[in-house]
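Observations on the three-dimensional arrangement
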Amino acid sequence: MDSEKETSREEIADSPLFEGDEALRLVGTQAQKFSEEYNRRLRNKLDKVIIPITATVYFTQFLDKTSLNYASIMGFPVTGQNYNLVSMAFYLGFIVWEFPTVYIAQKLRLGKYLGVNIIIWGVVLLCHAFANSFQAFFALRFILGMCESCVSPILISIISMFYRKNEQGIRIAYFYTMLGFTQVFGGFVAYGISFYNGAALAPYKIVYYLLGGLAILVGIIVLAWLPDSPVNAWMLTKEERIASLERVRDDQGGTENRTFKKEQVVETLLDVRTWLIVLATMLTDIPSGGLTNFSNIIIRNFGYTSRQTLILATPAGIVHVISVVICGYYSDKKGERMLPVIYATLPTLLGVALMIGFNNSGQKGVLLFGSYLIGSFGSTLSTIYAYNASNTSGYTKKLTINALTMIFFCVGNIIGTEIFQPKDAPAYIPGKAAIMALLSTQIGVAYLLRHINVKLNIKRRAMIEEIKREKGWTDDDVQEEKERRAFADMTDKQNIFFQYMN
């Protein structure tokens, strides 16, 4: 390590930046330099721990969230409109608890808080096997939503603390691909269980026993091994913790700060881009909410048996995985966040158009192909997560925008459960037409967000040049000021040196 300056705790305590991030106590306001080879080895070390655990958490969460989809064709006792309400209950619990859970998480160690929530929802899943009424299932799904509401904000926060902006998109994609893998895995498991003919236990109860036990095991793993932040990561030496923080200093994104700052909440609410990202989230998740719970039913209505449907639904998961990885890689490689949203939406529009155009044609192959293409838009939410991670600074602001994103994720999913109405069965043409309209609007919103960020970056670069002229600063002076502000818990709006990813 070649250190320019070691900043003592006493120096930081006397600094006006002492109210900044936890990282400031460890690394100070002046950068310490590490070689690119050292940073590469460190990143690989982080990947070996963080990526598998975050992926396992997301795999478990989405498998649990979509358990109702599998149960629906395996003897689940709630049907019709009550089934829609049970599906909606998850998102109601999510909405009610989203803001409380992210602000509780701010005060606690992220990994430990996440692990406890996973264990609790594992117990809740086990309870599904003992429920026998609409009211019981509604209550359990509501509690499940509360427990799972902390997952995405915590995982996004952890990725943004440990990785540079141009590394975040693909790493968020790595855990988000689990949505596709759960579709494949869950489909084959449900297919296997469908051969069970025992009278002692309904097939859907076996699903809940398996998923509940898996969640409890994953929760224990998270409690033991998921690091909370670079400041206290268990697998890093003190030098590696410092290097981990220095890797992300230049991005100006900051790390964790346990002080709730009301002014950052206000700034988030007054930022027009917040509401555009919220709108983009809803435009993604209204279709997602419908398809998550009705995709198997739609495929079955092409003319397949329930058992065939479980297998035939799995290729859409592979399409999802491919789309997420490609968009995540492109997003980081090109420094773009919104263009991948547009690219991923186009195949989905084609897929829905095929399902509408070939309805009642008897061409089941074309209809299946169309349903598989729909999986491409699954990468949209992953890219929105990456957008939030890369384009938001100030810890309270990060938590707030992530919470808003997840609340409107739920609102979209709640609306989505209602777009496929029983009266429209078996083709559900109105619901499919609604998906086309929503995703077409999504393209316009994504372009507008990108346009705003491009303009903001141009304006900021001009302001920095003006400051350099007025103060007589060199590029080294600018870099020194950037380093000083990096962990000051300033918002992206307050920090003129913060550059947005388009």
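Residues numbered from 1 in each chain as written. Predicted model: local features only at pLDDT ≥ 70, side-chain atom pairs only at ≥ 80, totals over all residues. Heavy atoms only, no water.

Concerning the overall build of the protein chain
The line we're drawing: Secondary structure elements are taken from DSSP: a helix is a run of H or I of four residues or more, a strand is a run of E of two residues or more, and numbering for both begins at the N terminus. With C-alpha atoms as the basis for the radius of gyration, the globule rule is written as 2.2 Å multiplied by the number of residues raised to the power 0.38. The classification of residues rests on relative accessible area computed with a 1.4 Å probe and restricted to protein chains. Under 20% of the type maximum is buried, over 50% is exposed, and intermediate values are partly exposed. Note on contacts: a residue pair qualifies if any of its non-hydrogen atoms lie within 4.5 Å across the two residues. Areas reported as accessible are Shrake-Rupley estimates using a 1.4 Å probe. Residue values count occlusion only from the protein chains shown. The positive count covers Lys and Arg only, the negative count covers Asp and Glu only, and His and the chain ends enter neither. Each charge is placed at NZ for Lys, CZ for Arg, CG for Asp and CD for Glu.
Along the backbone of the protein chain there are 22 helices and zero strands. Computed over the C-alpha atoms, the radius of gyration of the protein chain is 24 Å, within 12% of the 23 Å expected from 2.2 N^0.38 for a compact globule of 502 residues. Reported as C-alpha extents along the three principal axes, the dimensions of the protein chain are approximately 75 × 45 × 40 Å. Within the protein chain, the proportion of its 502 residues that are buried is 59%. For the protein chain, long-range pairs separated by at least 24 residues make up 84% of all intrachain contacts whose partners lie at least 6 apart in sequence. Here the protein chain has roughly 19100 Å² of accessible surface; of this, 63% comes from carbon and sulfur atoms. Looking at the protein chain, you have 48 positive and 42 negative side-chain charges, and the mean spots of the two groups are 7 Å apart.

Concerning the side chain of Ser-382
The topology assignment puts Ser-382 in helix α19 (residues 379–391). What makes Ser-382 buried here is its relative accessible area of 4%. Not counting the four nearest positions on each side in its chain, Ser-382 is found in contact with Ile-172, Ala-173, Tyr-176 and Val-324.

Considerations on the packing of aromatic side chains
The line we're drawing: Only Phe, Tyr and Trp rings take part, Trp by its six-membered ring, and two of them pair if their centres are within 6.5 Å. Stacked means planes under 30 degrees apart, edge-to-face means over 60, and tilted covers everything else. Consider the ring centre and the ring normal. A charge sits over the ring if Lys NZ or Arg CZ is within 6 Å of that centre and within 35 degrees of that normal.
Counting across every chain of the model gives 22 aromatic pairs. Seen in terms of ring centroids, Phe-76 and Tyr-83 are 6.5 Å apart; in terms of plane orientation they differ by 80°. Their pairing is edge-to-face. Of the residues examined, Phe-76 reaches a relative accessible area of 6% and is grouped as buried. Summarising the aromatic geometry, the rings of Tyr-103 and Phe-260 are spaced 5.2 Å apart at their centres and angled 85° between planes, so their arrangement reads as edge-to-face. With Tyr-103 in helix α5 (residues 80–107) and Phe-260 in the loop between α12 (238–249) and α13 (262–270), the pair connects residues that are 157 residues apart, well separated along the chain. Overall, Tyr-103 belongs to the buried group, its relative accessible area being 18%. Judged by relative accessible area, Phe-260 falls into the partly exposed class, the value being 40%. Connected via pairs of aromatic rings, a cluster forms that spans Phe-76, Tyr-83, Phe-137, Tyr-204 and Tyr-208. Above the plane of the ring of Tyr-500 lies Arg-273, whose end atom (NZ or CZ) is 4.3 Å from the centre. Looking at Lys-364, its charged tip hangs above the ring of Tyr-304, at a distance of 4.4 Å from the centre.

Quick look at the environment of Asp-489
Its place among the elements puts Asp-489 in the segment after α22 (475–485). You can call Asp-489 buried: its relative accessible area is 5%. Along the primary structure Asp-489 and Lys-397 are separated by 92 residues, whereas in three dimensions their C-alpha atoms are 9.6 Å apart.

What about the packing of helix α8 (residues 151–162) against helix α20 (residues 395–416)?
Selection rule: Lines are fitted to the C-alpha atoms to define the axes, a helix being fitted only along its stretch in contact, and any angle between axes, read from their N-to-C directions, falls within 0 to 180 degrees. Roughly parallel means an angle under 35 degrees; roughly antiparallel, over 145; roughly perpendicular, 65 to 115; everything else is oblique. Note on convention: the crossing is left-handed when the near helix lies turned anticlockwise from the far helix by less than a right angle, right-handed when the turn is clockwise.
Relative orientation of the contacting elements α8 and α20 amounts to 140°, with a least axis distance of 9 Å. In terms of axis orientation, α8 runs oblique to α20. Our pair here, α8 against α20, has a crossing hand that is right-handed. Contacts from Ser-152, Pro-153, Ile-156, Ser-157 and Ser-160 of α8 reach α20 at Lys-398, Leu-399, Asn-402 and Met-406.

What about the side chain of Thr-396?
Just so we agree on the cut-off: Under this definition, polar contacts are N or O atom pairs within 3.5 Å; protein pairs additionally need one hydrogen-donor-capable and one acceptor-capable atom, and for neighbouring residues in sequence, both atoms have to be side-chain atoms.
Relative to the assigned elements, Thr-396 resides in helix α20. Polar side-chain contacts of Thr-396 include one of 3.2 Å to the backbone nitrogen of Lys-261. Excluding its chain neighbours within four sequence positions, the residues that come into contact with Thr-396 are Tyr-103, Gln-106, Thr-259, Phe-260, Lys-261, Gln-264 and Val-265.

Let's talk about helix α21 (residues 429–471)
Inclusion rule: Each helix should span, by expectation, one fewer than its residue count multiplied by 1.5 Å.
Taking 1.5 Å of rise per residue, the 43 residues of α21 would be expected to cover 63 Å, and the 64 Å separating its terminal C-alpha atoms lies within 8% of that figure. Positive phi shows up at Gly-472, right after α21, with a value of about 70°.

Details of the packing of helix α9 (residues 165–176) against helix α10 (residues 178–193)
Definition in use: Polar here means any residue outside two lists: the nonpolar Ala, Val, Leu, Ile, Met, Phe, Trp, Tyr, Cys and Pro, and the charged Asp, Glu, Lys and Arg; Gly therefore counts as polar.
Running from amino to carboxyl end, α9 crosses α10 at an angle of 15°, the nearest separation of the two axes being 5 Å. With respect to α10, the element α9 is oriented roughly parallel. In contact with Tyr-174, Phe-175 and Tyr-176 of α9, α10 contributes Met-178, Leu-179 and Gly-180. For the contact of α9 with α10, a count of residues per class yields five nonpolar, one polar and no charged.

Regarding the nonpolar core
Under the convention used in this document: Take the buried Ala, Val, Leu, Ile, Met, Phe, Trp, Tyr and Cys residues and link them wherever side-chain atoms come within 4.5 Å; each set so joined is a nonpolar core.
Grouped together as the largest cluster of nonpolar side chains are 128 residues, with contacts concentrated most on Val-57, Tyr-58, Phe-76 and Leu-114. It is helix α3 (residues 36–65) that provides the largest number of residues to this core, a total of 13 residues. Not counting residues within four places of it along the chain, the set of residues in contact with Val-57 comprises Leu-114, Ile-118, Val-151, Leu-155, Val-218 and Val-222.

Digging into the environment of Ile-286
Assignment of secondary structure puts Ile-286 in helix α14 (residues 272–300). Judged by its relative accessible area of 8%, Ile-286 falls in the buried class. It is 8.8 Å that separates the C-alpha atoms of Ile-286 and Cys-410, two residues lying 124 residues apart in sequence. Once residues lying within four places of it in the same chain are set aside, the contact partners of Ile-286 are Gly-412, Ile-415, Gly-416, Ile-419 and Leu-438.

Considering the confidence of the model for the protein chain
Inclusion rule: A residue's pLDDT is simply how confident the predictor is in it, with values from 0 to 100.
For the protein chain, the average pLDDT comes to 85, and 92% of its residues sit at 70 or higher. Put simply, helix α1 (residues 9–13) is where the protein chain has its lowest mean pLDDT, 36, and helix α6 (residues 110–128) is where it has its highest, 95. Ignoring residues within four places in sequence, the model shows residues 1–18, a span with pLDDT below 50, making 34 contacts including any to other chains.

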